[in-house]
Structures are given as C-alpha cells and as structure tokens.
Amino acid sequence: TIKAEMEDNMDGTYTFSYMPVWAGQHTLNIYAREQVPQKIELHPDGSPIKQEKKFGRKMKINGGPGHEPTIIVVAANTEPERCTASGDGVIGITVARKPARFLIHARDKFGNPRPCGGDDFAVRMHAGGEVPVTVTDNGDGTYLAEYMAGVEDEYLGSTNYQIEVMCNGQHIIGSPFNHTVVPLITFAPFTEALSMPTLLTAGEAAEFTIVARDTEGRQVERGLDNFKLSFIRVMGSKEEAQSVWGDIKDMKDGRYLVRMVAEAASYYKVALSVSLEGEDIKGSPFQL
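Residues numbered from 1 in each chain as written. Predicted model: local features only at pLDDT ≥ 70, side-chain atom pairs only at ≥ 80, totals over all residues. Heavy atoms only, no water.

(A) Broad picture of the overall build of the protein. Of regular secondary structure, the protein possesses 1 helix and 24 strands. By residue count, 33% of the 288 residues in the protein fall in the buried class. Taking contacts inside the protein between residues at least 6 apart in sequence as the whole, the part at least 24 apart equals 61%. When the accessible surface of the protein is totalled, it reaches about 17900 Å², and 52% of it is carbon and sulfur. (Helix = DSSP H or I, 4+ residues; strand = E, 2+ residues; numbered from the N terminus. Buried < 20%, exposed > 50% of the residue type's maximum accessible area, 1.4 Å probe, protein only. Contact = heavy atoms within 4.5 Å. Areas by Shrake-Rupley, 256 points an atom, 1.4 Å probe, with all protein chains shown as cover.)

Set out below in structure tokens:
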C-alpha cells in the first residue's frame, strides 16, 4: 500500500501526491467521509463557538469492485548498485574446459526488475590471465554472460578467479565475485601406462609413465592424483613376488614416472595393478 498526501485547494478540488516504489499494476482507491451537520452554538455576544468538524463513515467514491481506476508503474532507470547476478557461472564452482554461464539482472533503485534491455554491462574474468566473456542482451532486462575457463596457458589446476560485473562503469551488487574453476577429474579407465616393460631383470630398475586423462579423454595437465601400485604373484613363490617393488614420481603435469625393481634372481611372474581410488587404469593389471 502506498499512502498519498492530500492538499485541499479550498475550491472544491483536492491535490494528491505519492511516491510509487513497486513496479506493476496498482489499484487507485479514493475514500471520503461526509461531514456531519452540527447545531451551531453561539457566545453571549452572538458569535459562533468554534467546534471541531465531525465526519461520518468512510465511503469509497471511485467505483465498486472491478471498476476502480488502475495505475501502471514502470521500473525507473537502471541502478548499478541494485543489479544482481545469478547462476553457477558466478556463484559456486565450475569445471575447467566446460562452457559456463550466468545471468545479470538489471534493476532500478528500488530493486524492481527492468523490463527491457539496452544497458551497458561488461564482465571481466581474470586470475593472472584473462578469460574472454561474452555478454548477450536478452531484451527483457536480463543479460547472459558466457565463458570457458581453464583453457588459458596459465591454468594449472583448481584456481580462484575474480569476476567483475560492471554497469556503466560501476560494480553491481557482490562484484567482484570470487569464483573457483576446478579441472575435470582424472578418470582411471581412460588413463594409460606408456612404455610398460614386460620383462624385469633382477637388480635393474625399469621405468614406465602413467599419463592421466580426464573424463573426456584429454590429458590432465596437473598432478596430485593418488595412483597406487600393487604386485600380485602369478607364478613362483610368495617371497619372489614380494621382492618386486616400485615407486611413483609426480611430474606435476599429468604424467607420473614409475620405477620398478625386482630383487629376487629367478624366473617368476607377477601382475602389476595400477589403480586410482580403487579403480584400475586402462590395461591394468599388467603381466611381468
């Protein structure tokens, strides 16, 4: 409800003034109270005694239900400090090398959504390197921002970005936003072992390389995956199988150098399981 101020023009007309705040359709209701006739009382000198006016019940004078006049209030000009942004692309976490998006909502100084486009919104996303962001005017007071992070040369893993959303050179509410972009997880079934030896010589180190790949088959470009090696006896004594051991060196670029040594000098067979979080990589277990 918006209350109006009334001014009596003393000529049978009245001026009303009010400040609309909420956009939309509003009903205008005008009420009046009829003045109740009063008996005039006089002073001894014959002058009338001043009395307070008395009014009867309140009456609606602008039509019955369904016939009231309506007023359409539209949103005022866009106010940058009241504009907002929403969506996973600006709040929360997104995945590297995947298209991301969020919506910008233009609002006036009262917080009313703007019903049309035409505002000058600009988005800048950076964390050392810049991430290109396109902004599309939807024509309804919203603007679609789209980008793909994690493809820049500087991206080496989970990274916090700053997203600046500006309107006419001013930050909107919450800007700049802190946003995290994480790499796709390493996917064991796509991860490969390259240059895997099939024969070990007792006392001599043998090497191969694990190449981590994500769920889309692309090589992961950072380290920190927790690969495990397990040697299982296939033929020969238990002690011979236990004499084979290996270690893993994280190269920090999605590759892992594995070095193996068999200490027992004899002919025996073992199966090497290479796993990540309990799941074998492609081709595992390997026969040695």
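(B) The pairing of strand 9 (residues 100–105), seen in detail. Bridge count for strand 7 (residues 84–86) against strand 9 is 3 bridges, and the pairing is antiparallel. The partner of T84 across the bridge, within strand 9, is H105. Here strand 9 runs beside strand 13 (residues 142–147); their pairing, made up of 6 bridges, is antiparallel. Its bridge partner being in strand 13, A100 is matched across the sheet by Y147. (Pairing = 2+ DSSP bridges.)

(C) Local environment of unusual backbone geometry. The residue after S175, namely P176, is reached through a cis peptide bond having omega 0°. Within the secondary structure layout, P176 lies in the loop between strand 15 (170–171) and strand 16 (177–182). Going from S284 to P285, the amide bond is cis rather than trans, its omega being 5°. Mapped onto the elements, P285 comes out in the loop between strand 23 (279–280) and strand 24 (286–287). Its identity as a non-glycine residue notwithstanding, S195 has a phi of 60°, on the positive side. Here S195 lies in the loop between strand 17 (192–194) and strand 18 (206–211).

(D) Representation of empty space enclosed by the protein. Evaluation of the coordinates by the stated rule reveals 1 cavity of 30 Å³ or more. Volume-wise, the largest cavity comes out at about 140 Å³. As for the largest cavity, its lining consists of 14 residues, of which R97, Y155, P183, V220 and E221 are closest to the centre. (1 Å grid on protein atoms, 1.4 Å probe; cavity = no way out; pocket = protein on both sides within 12 Å on 5 of 7 lines; lining within 4 Å. Points joined across faces, edges and corners; volume = space filled by probe spheres on them.)

(E) Representation of the pattern of salt bridges in the model. Under the defined criterion, the tally for this structure stands at 10 salt bridges. The partner of R124 in a salt bridge is E164, with the nearest N and O atoms 3.6 Å apart. You can see R124 sitting in strand 10 (residues 121–127) and its partner E164 sitting in strand 14 (residues 159–167), a full 40 residues away along the chain. Linking R255 and D253 is a salt bridge whose minimum nitrogen-to-oxygen distance equals 2.9 Å. You can call R255 partly exposed: its relative accessible area is 34%. What emerges from the salt-bridge pattern is a single network uniting K98, D214, E216 and R218. (Salt bridge = Lys/Arg side-chain N within 4 Å of Asp/Glu carboxyl O.)

(F) Here's a closer look at the environment of S86. Following the sequence through the fold, S86 ends up in strand 7. Using a relative accessible area of 31% as the deciding quantity, one classes S86 as partly exposed. Put simply, S86 and H105 are 19 residues apart on the chain and 8.0 Å apart in space, counted from C-alpha to C-alpha. Sequence-distant contacts of S86, that is, excluding residues within four places in its chain, are made with F102, L103 and H105. A polar contact is formed between the side chain of S86 and the side chain of H105, at a distance of 2.9 Å. (Polar contact = N/O pair within 3.5 Å; in protein donor to acceptor, adjacent residues only side chain to side chain.)

(G) Focus on the side chain of D214. Position of D214 among the secondary structure elements: in the loop between strand 18 and strand 19 (227–235). Excluding residues that lie within four positions of it along the chain, D214 makes contacts with L184, I185, T186, F187, F190 and V220.

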